[in-house]
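Residue strings, one per chain:
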Amino acid sequence: MKKLATLSLFVLLSFLATAQETTLTPKYSNEFLAIGVGANALGMSNAVVAGVDDVTAGYWNPAGLTEVEDFLQIGAMHAEYFAGIAKYDYIGIAKPIDEQSAAGFTFIRFGVDDIPNTTQLIDKDGNVNYDNITSFSAGDYAFLFSYARKSKIEGLSLGGNFKVIYRHVGDFAKAWGFGLDAGIKYKLGDKWKFGALVRDVSTTFNAWSYSLDDQMIETFEITGNVIPTNGLEITLPKIILGAQFKTNVYKEFYVKSEINFDLNTDGRRNVLFRTDPISIDPHMGLELGYGKWVALRFGVLNFQWIKNPDLSESLTVQPNIGIGVGFKGISIDYAFTDIGDKSVALYSHIFSLRFKLNDPKQSEE
């Protein structure tokens, strides 16, 4: 029973530890926004910042929304990680405003539900009372409002996101955050596309506040943990650069490849190029397809250095695969991630949907 209480307290403290000090710029801040949306992108190991041209552009690169030509596009995805413990949900909407501009909305939730709260399992008399066990949820929410517009330069589009972030840990802690993303895309001829996204270009600020009762504070003190205080968490900018090449090989059969470079500005990370203050993390994808009907996808990402028993280092990489099918305005995509088993995370099967809706006025005509 003591182990259960200790484990539950550890889980609670892990969530609360995000902002225990004021004015933090930690690595991996708001990292739930780096997971990615759309199995089509995940199958290509997230290498899509240059080529994205559908509803998911609101997340990957808002400048890509200018290539949405349908009356309305809707995207949705549900994924579960760590044997279903953590759940990830996405809904996106994209709509052209006119021939030059488009708008979009993206909603993301990453959460863990039904977490046991055993901080009051043992009463003041030292007795174990199971009726005192309650549960809580920890969730991260993001609301992205996107706008994109074609420039006067042929092939060049600009876009941006205004995002609102809400994070909570039961009734114990919550945070509101605000930030901006900026994206650009350039189409060169029929085969090349280039893109760049500056995520959190304004830096994103999460203001944390805590509501801990006296008994919980006492439990923290007894277990030797720091009592969290209200504070500010800052997410530094992240730059993503990409280039895509696409060509038809025979009739409607095509091959598409893209490479992206993530430039993290929050210090040295364990990625392929480990430098300070900027670490460079490459990832690349390949897609083979026939028109808009079927596509096979491959990709690699998560280049990391690991220590061997002899203290030497080895480079590991995570491959991904995926497949997509489309018919009558509906696209169903699937991705299988972590197939290299390079982490302690379990294998993940990801499905997503994309819908293309026609103008109802034109249908009546």
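Counting restarts for each chain, with residues numbered from 1 along the sequence as it is written. At least 70 in pLDDT is required for a residue's local features to be given in this predicted model, at least 80 for side-chain atom pairs to be given and counted, and no such filter applies to totals for whole chains, interfaces and linings, which use all residues. Based on all heavy atoms of the structure, the side-chain values leave hydrogens and waters out of the count.

**Q** Describe the pattern of salt bridges, listing the residues and the values that go with them.
**A** Throughout this description, the term salt bridge denotes a Lys or Arg side-chain nitrogen within 4 Å of a carboxyl oxygen of Asp or Glu. By the definition in use, this model includes 14 salt bridges. Residue Glu-67 pairs with Lys-185 through a salt bridge whose shortest N-O separation is 2.5 Å. With Glu-67 in the loop between helix H3 (57–60) and strand S1 (72–81) and Lys-185 in strand S6 (residues 173–188), the pair connects residues that are 118 residues apart, well separated along the chain. Judged by its relative accessible area of 26%, Glu-67 is partly exposed. The cut-offs for exposure are 20% and 50% of the maximum accessible area for each residue type, with area from a 1.4 Å probe on protein chains only; residues under the lower value are buried, those over the upper are exposed, and the others partly exposed. By relative accessible area, Lys-185 is classed as buried at 4%. Salt-bridge contacts for Asp-333 lead to Arg-354; the nearest nitrogen and oxygen are separated by 2.9 Å. The secondary structure listing takes helices from DSSP runs of H or I that are at least 4 residues long and strands from runs of E that are at least 2 residues long, numbered from the N terminus.

**Q** I'd like a rundown of unusual backbone geometry, residues and numbers included.
**A** One non-glycine residue, Thr-203, lies in the positive phi region at around 60 degrees. Along the polypeptide, Thr-203 turns up in the loop between strand S7 (192–199) and strand S8 (204–210). Its identity as a non-glycine residue notwithstanding, Lys-328 has a phi of 50 degrees, on the positive side. In this fold, Lys-328 is placed in the loop between strand S14 (313–327) and strand S15 (330–337). Judged by its relative accessible area of 83%, Lys-328 falls in the exposed class.

**Q** Before we move on, could you go through the environment of Gln-304 and cite the residues and values that matter?
**A** Within the secondary structure, Gln-304 sits in strand S13 (residues 294–307). Judged by its relative accessible area of 34%, Gln-304 falls in the partly exposed class. Here the alpha-carbon distance between Gln-304 and Leu-272, two residues 32 residues apart in the chain, equals 5.9 Å. Contact between two residues is taken to exist if any of their heavy atoms lie within 4.5 Å; hydrogens are not considered. Aside from chain neighbours lying at most four places away, what touches Gln-304 is Asn-270, Ser-314, Leu-315 and Thr-316.

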